Amino acid sequence: MSLPSLPIFRFAPSPNGRLHLGHAYSALYTDHWARAMGGTMLLRIEDIDIGRCRPEFVEAIFDDLRWLGLDWPQPVRFQSHHFDDYQGAFARLKARDLVYPCFCTRAQIRAAGGSGTDPDGAPLYPGTCRHLAPEERERRFAAGERAQWRLDIEAALRVAAHPAIREAMPDPDSRPASRAADPARWGDVVLVRKDIPTSYHLSVVVDDALQGVGHVTRGMDLYAATDIHVLLQGLLGLPPPLYTHHRLVLDRDADKLSKSRRSESLGDLREKGWSAAAVRHHLGFEEASPRFT
Ligand code: GLU
């Protein structure tokens with residue numbers, strides 16, 4: 001086998017709704033890779049958004065994954081129990097002046113307009129708060145204004161120039177290839193939200209490192225986010241995992257399945273009488289030869 005031994009994989013759903021076929025595909029795919037490489041698949045619950053995540057969805061994740069025939073080591077890491085870890089990483093970036101507080105609301109950013117959109121289609125941050133004077137920042141904090149903290153992407157790229165992503169094809173014999181990341185297209189991303197002492201980007205890189213994840217397998221919907229993740233790994237001195245981005249499962253209208261669009265859940269399919277074997281077959285995971293793409 002030409003890949004180095006990278007035995008730890010992870011499946012990391014957010015408990016803000018029921019899992020759908022897209023999640024089932026990602027979990028089965030990750031489990032298959034982990035087994036093919038002689039490794040383990042961890043389960044991580046990404047529940048930093050405490051307002052939207054619910055305990056019953058956590059239980060449903062466990063139940064749906066067990067029903068699919070999957071298993072994972074204990075204890076499961078819940079991100080909401082580890083805000084200190086994310087704050088620790090944030091403090092290191094702050095000490096190097098790579099982040100700044102931003103007091104803007106979404107409406108103000110939209111109104112400022114004009115500088116294009118990030119890969120998720122959100123308006124790029126126009127930089128309004130990037131160079132506020134320290135006294136102005138202090139005055140606004142003292143007045144009770146709340147801030148999110150943004151990465152100063154230009155400063156970050158001066159420190160960690162030329163971030164690259166190591167990728168592998170879904171085949172244990174494939175040789176990883178490196179491609180240049182382009183994190184600048186995200187602009188000054190939010191690393192610590194106003195309402196939560198972290199963000200998706202910050203938590204995911206901290207956890208992948210803390211959990212020793214050597215190989216991240218996830219959907220193409222997160223392909224562009226990887227650009228930011230490898231930059232943060234470089235800034236924080238964290239070991240960069242190998243990445244594989246798999247295809248997305250589409251609905252009848254060729255749209256990506258999503259919780260917010262109320263796509264049919266695994267629970268709905270179970271109620272309709274689908275068996276776990278039928279789901280595996282439908283997604284191309286026959287025991288002998290998975291039809292990956
Ligand atoms: N929690 C993310 C989601 O449910 C996945 C994060 C990741 O795989 O990096 O979409």
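Everything below is about the structure shown above.
Report on the accompanying structure. These figures come from a predicted structure and were not determined experimentally.

Regarding the site of the ligand
Stage number 1. All residues adjacent to the ligand are R10, A12, P13, S14, E46, Y200, V204, R218 and L222.
Stage number 2. Within the contact set of the ligand, an oxygen atom lies 2.7 Å away from a side-chain nitrogen or oxygen of R10.
Stage number 3. Between a nitrogen atom of the ligand and a side-chain N or O atom of S14, the distance comes to 3.2 Å.
Stage number 4. Its free accessible area being 300 Å², the ligand has 80% of it covered by the protein chains.
Stage number 5. By residue class, the composition of the shell around the ligand is 5 nonpolar, 1 polar and 3 charged.

Focus: the packing of helix α7 (residues 200-210) against helix α8 (residues 225-236)
Stage number 1. Put simply, α7 and α8 touch, their axes get as near as 9 Å, and they point 60 degrees apart. One finds that α7 runs oblique with respect to α8. The interaxial crossing formed by α7 with α8 has right-handed handedness. Every residue of α8 that contacts α7 at Y200, H201, L202, V204 and V205 is listed here: A225, I228, H229, L232, Q233 and L236.
Stage number 2. Residue composition of the contact of α7 with α8, grouped by class: 8 nonpolar, 3 polar and no charged.

Rules of the game
Residues numbered from 1 in each chain as written. Predicted model: local features only at pLDDT ≥ 70, side-chain atom pairs only at ≥ 80, totals over all residues. Heavy atoms only, no water. Near = heavy atom within 4 Å. Polar contact = N/O pair within 3.5 Å; in protein donor to acceptor, adjacent residues only side chain to side chain. Areas by Shrake-Rupley, 256 points an atom, 1.4 Å probe, with all protein chains shown as cover. Nonpolar A, V, L, I, M, F, W, Y, C, P; charged D, E, K, R; others polar. Axes fitted to C-alpha atoms, helices over the stretch in contact; angles between N-to-C directions. Helix = DSSP H or I, 4+ residues; strand = E, 2+ residues; numbered from the N terminus. Parallel < 35°, antiparallel > 145°, perpendicular 65-115°, else oblique. Left-handed = near helix turned anticlockwise from the far one by under 90°. Contact = heavy atoms within 4.5 Å.

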